[in-house]
Amino acid sequence: MTLLAGEPSGGQAPTGPEQPLREEGPGFRQVFVEGIVYGNSVTVTALAIVTGIVLGGLLIAFSDPHVLHRWAHLFSAPGAAFSSAWDSASSAYSAMFQGAVVNIHSVGKAFHGGSISSVFSPISETLVQATPLILASLAVMLPFRAGLFNIGATGQFIGGAFLAGWVGFGVSLPPVIHVVVAVLAGFAGGAIVGGLVGALRARTGANEVIVTIMLNYVMEYLLLYLLGTAYFRRPGRIDPISPLVQGTARLPHLFGHGLRVNAGIVVALAGAAGVAWLLKRSTFGFEFRAIGFNPRAARTAGIDIGRGYTQVFLIAGGLAGLAGACVVLGTDFTLTPQVYGTYGIDGITVALLGRGAPLGVVLAALLYAGLHAGGVQMQASTQTPVDIVTVIQAVIVLFVAAPPLIRGLYRLRARPVTSETRATPTITYVGDP
Amino acid sequence: MTDTGGIDDRSFNASSYQGLLDAAKADPNITTAYLQSTTQSDYVPNINALVQRNCGIIVTVGFLMGDATQSAAKAHPTDHFAIVDYNYSPPLNNVLGLIFNTAQAGFLGGYLAAGMTKTGTVATFGGMKLPTVTIYMDGFYDGVQYYNQKHNKNVKVLGWNEKTQNGTFTGDFTDQTKGKEVTQTFIQQGADIIFPVAGNVGLGAAAAVKQNGNGVHMLWVDTDGCISAPQYCSIFISSVTKGIASAVKTVTLAAANNQFKGGNYVGTLANNGVGISPFHDFASKVPASLQSELNQIKQGIINGSIKVASPSQPTS
């Protein structure tokens, strides 16, 4: 048996412990996964966020020509230089807060006959942005806990968006049933793409990183091709855009038509709760985590690793597919060749930021979504380029992914790895042997 | 509000923003602001953010924002909008669609290319298969066929076939590497004049053309290439232009003076909404006979004696 084909195929009885596994000892993956899930304390994550925001503020201040002009006169008027830098960064951030959480001015207006919906529209936008992010990053996080890297949330998102959209515009069903069937179709679409990856990993030992990246391309071009065919193209248009999703298949608005927040956020939170239950309380989840900790020990304990890989990717793909369904049925109502946006890639960073836990993922997605929704407002009212948001996000993730940086910066001690911080006892690894 | 290309794409987003800046220069009471979209999902929240700022007019850029602009315009009937490259039928009262019959200008570009080619092969490609892209390619194709018919030549067009409406597309308007690859393939197939209709991707094409050197040239699109991408001026025979900036400027000034009217504006050769730019470095290299033929054809298109047939032409 070669090294690459050294794993049992799904459905086979568990093989003996003496057979070689592909991953001998703790590979890079295991060390990385453990570092993210157990090595980062809440303090490190919080400090990473603060550092990102401070660095972002400096960038905002010093990319503002007005501020730079004042700094040219630093020695003659130091007060003006510092205050203009502070004003620039603080006005940008306060605009961001108003765009992501609540706009104080609209609260005042609401008491004097203004619209209530404008008070809640920032938080509604944040929730709308968070919906696909939560689901896509759950799709990354779950395989992560089983020691697998899912870079393919984009492809699975497309699979889900496509099937959900198709059911949405191509099938006529009664209200309520239609939207439920469309959402389930989204799960199925993603699960098909994800399950393919899991099956390939289980049966042939194909590296899931490569397979998922390649499948992203396959799905992107498949979508472009399908939208170009007469069947999926909107009548009267020659560009690749699908018909509009029927009213019966749209996710209902939660708080009236003035706010875009819709039932998708409920789906996302249910997904997060489901994954939490799966990991903590179910046999599946126990097996996933056992495989993640130590595949060899898991096999010795009688866990069918191949089946585990397939199941993990089926569920993960389904979650990414739900993200696609929520975008198509909740906000976009149509399929375009760029419908997948950057959710799949952002899902990876949100999963890292969320430290591989469902609650962490939800909070991290809310932070990301808030930065994004607030970024729009920041650009609209202070003309700070929206790219600054990407920089802040990148800096935060950089620090979260490299805890020693933050520990060094703030002189924190490394968190000792004890049996309490680890769910099952394994050998402590320092690096690749 | 710009598409993902942003205000420095040297193409339609840049032109639209330039139109706003020109309007602000002409009327000091106008202040401008812009929002860049990072993905298509940003269209709706971005428009909403601008609506909440009580803008005098909101200019959305690009065909892809058609649905988002329409729903925003219906939800806010007292706000004024203009959308570049899109029109509604029936027209909306508070949206002015700015559309351009660029097939007419592409026709001139195609005729010019056919007259200038040495190898007898010219090529075009698009960014995405959108009507606003293929309309240029239709015009270009027609112009070459018209030249063949007039001069009994057989100049071939690579990258687009008007009859089947199929051709070469790079898939987006940002990836310059793809533009470079496509252009290199065309050059290997013998094309010596390339006409990219792909925004920023065209810069990749220009890099490939310049790298190749010997005798391969280009037509730039949307704006005068010698102004928007001067580093490549030496390889641009001309540019097939679309007057987005002046149309945006006009509608912005109208909105500032309370003279905004919804409906559609169609830029044509007749109202100078589309055209081909000066030849710049090629002024002495384009034969006088070809230049006068181009002028005749322009008149012919304006008075209707030459028909440009493109299924993507604006009808209203």
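Residues numbered from 1 in each chain as written. Chains lettered and ligands numbered in written order. Predicted model: local features only at pLDDT ≥ 70, side-chain atom pairs only at ≥ 80, totals over all residues. Heavy atoms only, no water.

Caption draft 1: Looking closely at the overall build of chain A. For chain A, the helix and strand inventory stands at 17 helices and zero strands. Within chain A, the fraction of its 433 residues that count as buried is 53%. For chain A, contacts bridging at least 24 residues in sequence account for 74% of all contacts bridging at least 6. Counting only carbon and sulfur atoms, one obtains 71% of the accessible surface of chain A, whose full area is about 18,900 Å². (Helix = DSSP H or I, 4+ residues; strand = E, 2+ residues; numbered from the N terminus. Buried < 20%, exposed > 50% of the residue type's maximum accessible area, 1.4 Å probe, protein only. Contact = heavy atoms within 4.5 Å. Areas by Shrake-Rupley, 256 points an atom, 1.4 Å probe, with all protein chains shown as cover.)

Caption draft 2: Seen up close, the layout of surface pockets. Looking at the second largest pocket, its volume works out to about 1,100 Å³. For the lining of the second largest pocket, the elements supplying multiple residues, two or more each, are α9 (208-228) and α14 (343-353) of chain A together with α1 (12-26), α5 (131-151) and β9 (217-222) of chain B. Broken down by element, the residue count for the lining of the second largest pocket peaks at six residues, all from α9 of chain A. The class makeup of the residues in the lining of the second largest pocket is 22 nonpolar, 19 polar and nine charged. When residues are assigned to domains, the lining of the second largest pocket turns out to be shared by domain 1 (12-101 + 244-267) and domain 2 (102-242 + 273-303) of chain B, each giving three or more. (1 Å grid on protein atoms, 1.4 Å probe; cavity = no way out; pocket = protein on both sides within 12 Å on 5 of 7 lines; lining within 4 Å. Points joined across faces, edges and corners; volume = space filled by probe spheres on them. Nonpolar A, V, L, I, M, F, W, Y, C, P; charged D, E, K, R; others polar. Domains from an automatic or database assignment.)

Caption draft 3: Highlighting the nonpolar core. Ranked by size, the top nonpolar core spans 103 residues in total, and within it Ile 134, Leu 138, Leu 329, Leu 335 and Met 378 of chain A carry the most contacts. Top contributing element to this core by residue count: helix α13 (residues 305-332) of chain A, with 14 residues. One finds Ile 57, Val 133, Tyr 136 and Val 144 of chain B within the second-largest nonpolar core, a separate group that totals 81 residues. (Core = buried A, V, L, I, M, F, W, Y, C linked by side-chain atoms within 4.5 Å.)

Caption draft 4: Up close: the side chain of Asp 138 of chain B. Residue and element names in this part refer to chain B. Looking at the element boundaries, Asp 138 is found in helix α5. Here Asp 138 sits buried without a salt bridge, and the closest side chain of opposite charge, Lys 163, lies 9.4 Å off (N-O distance). Discounting residues that sit within four places of it in the chain, Asp 138 has contacts with Trp 160, Glu 162, Gln 165, Ser 310, Pro 311 and Ser 312. (Lys, Arg positive; Asp, Glu negative; His and termini not counted. Salt bridge = Lys/Arg side-chain N within 4 Å of Asp/Glu carboxyl O.)

Caption draft 5: A look at the interface of chain A and chain B. Counting residues at the interface gives 28 residues for chain A, matched by 27 residues for chain B. Roughly 2,200 Å² is buried in total at the junction of chain A and chain B, and carbon and sulfur atoms are behind 50% of that figure. Where chain A meets chain B, there are one salt bridge. Residues Asp 67 of chain B and Arg 234 of chain A are paired through a salt bridge, measuring 2.9 Å at the closest nitrogen-oxygen approach. Across the chain A-chain B interface, the total number found is eight residue pairs in polar contact (both at pLDDT 80 or more). (Buried area = accessible area lost by both parts, 1.4 Å probe. Polar contact = N/O pair within 3.5 Å; in protein donor to acceptor, adjacent residues only side chain to side chain.)

Caption draft 6: How the structure looks around unusual backbone geometry. Of note in this structure, Val 176 of chain A is not a glycine but carries a positive phi near 65°. Along the chain, Val 176 of chain A turns up in the loop between α7 (153-170) and α8 (177-204). Of note, the phi angle at Gln 165 of chain B is positive, near 55°, even though the residue is not glycine. By relative accessible area, Gln 165 of chain B is classed as buried at 15%.

Caption draft 7: View of a nonpolar patch on the surface. All names here are of chain A. Residues Val 50, Val 54, Leu 55, Leu 58, Phe 62, Leu 68, Leu 409, Tyr 410 and Leu 412 make up a contiguous nonpolar surface patch of about 750 Å² in total accessible area. Tallying contributions element by element places helix α2 (residues 42-62) first for the nonpolar patch, with five residues. Checked against the element boundaries, Leu 58 lands in helix α2. For Leu 58, a relative accessible area of 45% puts it in the partly exposed group. (Patch = residues over 30% accessible without salt bridge, like charges linked within 9 Å, V, L, I, M, F, W, Y side chains within 5 Å.)

Caption draft 8: Structural detail: the packing of helix α10 (residues 264-281) of chain A against α13 of chain A. All names here are of chain A. Relative orientation of the contacting elements α10 and α13 amounts to 170°, with a least axis distance of 10 Å. Relative to α13, the element α10 lies roughly antiparallel. Contacts between α10 and α13 pair Gly 264, Val 267, Gly 271, Val 275 and Leu 278 from the former with Ile 315, Leu 319, Leu 322 and Cys 326 from the latter. Residues of the contact of α10 with α13, tallied by class, amount to seven nonpolar, two polar and no charged. (Axes fitted to C-alpha atoms, helices over the stretch in contact; angles between N-to-C directions. Parallel < 35°, antiparallel > 145°, perpendicular 65-115°, else oblique.)

Caption draft 9: Spatial organisation of empty space enclosed by the protein. All names here are of chain A. Under the definition given, this model contains five cavities of 30 Å³ or more. Considered as a void within the structure, the largest cavity measures approximately 130 Å³ in volume. Lining the largest cavity are 15 residues, with Val 128, Gln 129, Pro 132, Val 327 and Thr 331 positioned closest to its centre. Secondary-structure elements contributing two or more residues to the lining of the largest cavity are α6 (117-145) and α13. The greatest single-element share of the lining of the largest cavity, amounting to five residues, is contributed by α6. Of the residues contributing to the lining of the largest cavity, the split by class is eight nonpolar, five polar and two charged.

Caption draft 10: Spatial organisation of the sheet that holds β9 of chain B. Residue and element names in this part refer to chain B. Spatially, the six strands line up as an open sheet ordered β5-β4-β8-β9-β10-β12, and their pairing is mixed. Taken across any chain shown, the strands that pair with only one partner, and hence form the sheet edges, are β5 (156-158) and β12 (274-276). Neighbour-to-neighbour, the strand axes of the sheet open up by a mean angle of 15°, direction not taken into account. Across three bridges, the pairing between strand β10 (residues 236-242) and β12 is antiparallel. Bridge pairing in β12 places Lys 242 opposite Val 274. (Pairing = 2+ DSSP bridges.)

Caption draft 11: Representation of the domain arrangement of chain B. Residues and elements named next belong to chain B. Segmentation of chain B into domains returns domain 1 (12-101 + 244-267) and domain 2 (102-242 + 273-303). If you average the C-alpha positions of domain 1 and of domain 2, the two centres end up 29 Å apart. On the side of domain 2, 13 residues touch domain 1, which itself brings ten residues to the contact. Inspection of the region where domain 1 meets domain 2 yields one salt bridge. When the shortest N-O distance is used, the salt bridge between Lys 242 and Asp 85 registers 2.8 Å. The tally of links from domain 1 across to domain 2 stands at five residue pairs in polar contact (both at pLDDT 80 or more). Elements represented by at least two residues in the side of domain 1 that touches domain 2 include exactly α1 and β11 (263-267). Taken together, the residues of the side of domain 1 that touches domain 2 break down into six nonpolar, three polar and one charged.

Caption draft 12: Region of interest: helix α16 (residues 387-401) of chain A. In this model α16 of chain A runs 21 Å from its N-terminal to its C-terminal C-alpha over 15 residues, within 8% of the 21 Å that 1.5 Å per residue would give. Listing the buried residues of α16 of chain A in full gives Ile 388, Val 389, Ile 392, Gln 393, Val 395, Ile 396, Val 397, Phe 399 and Val 400 of chain A. (Expected span 1.5 Å × (residues − 1).)

Caption draft 13: Expanded view of the pairing of strand β2 (residues 81-84) of chain B. Residues and elements named next belong to chain B. Every second residue of β2 is oriented toward a common face, with Phe 81 and Ile 83 on one face and Ala 82 and Val 84 on the other, all of them buried. Two strands pair when backbone bridges link them, and strand β1 (residues 58-61) and β2 are joined in this way by four bridges, in the parallel orientation. Its bridge partner lying in β2, Ile 58 is registered against Phe 81. For β2 and strand β3 (residues 95-100), the ladder comprises four bridges, and the chain directions are parallel. Within β3, the position partnered with Ala 82 by the bridge is Leu 96.

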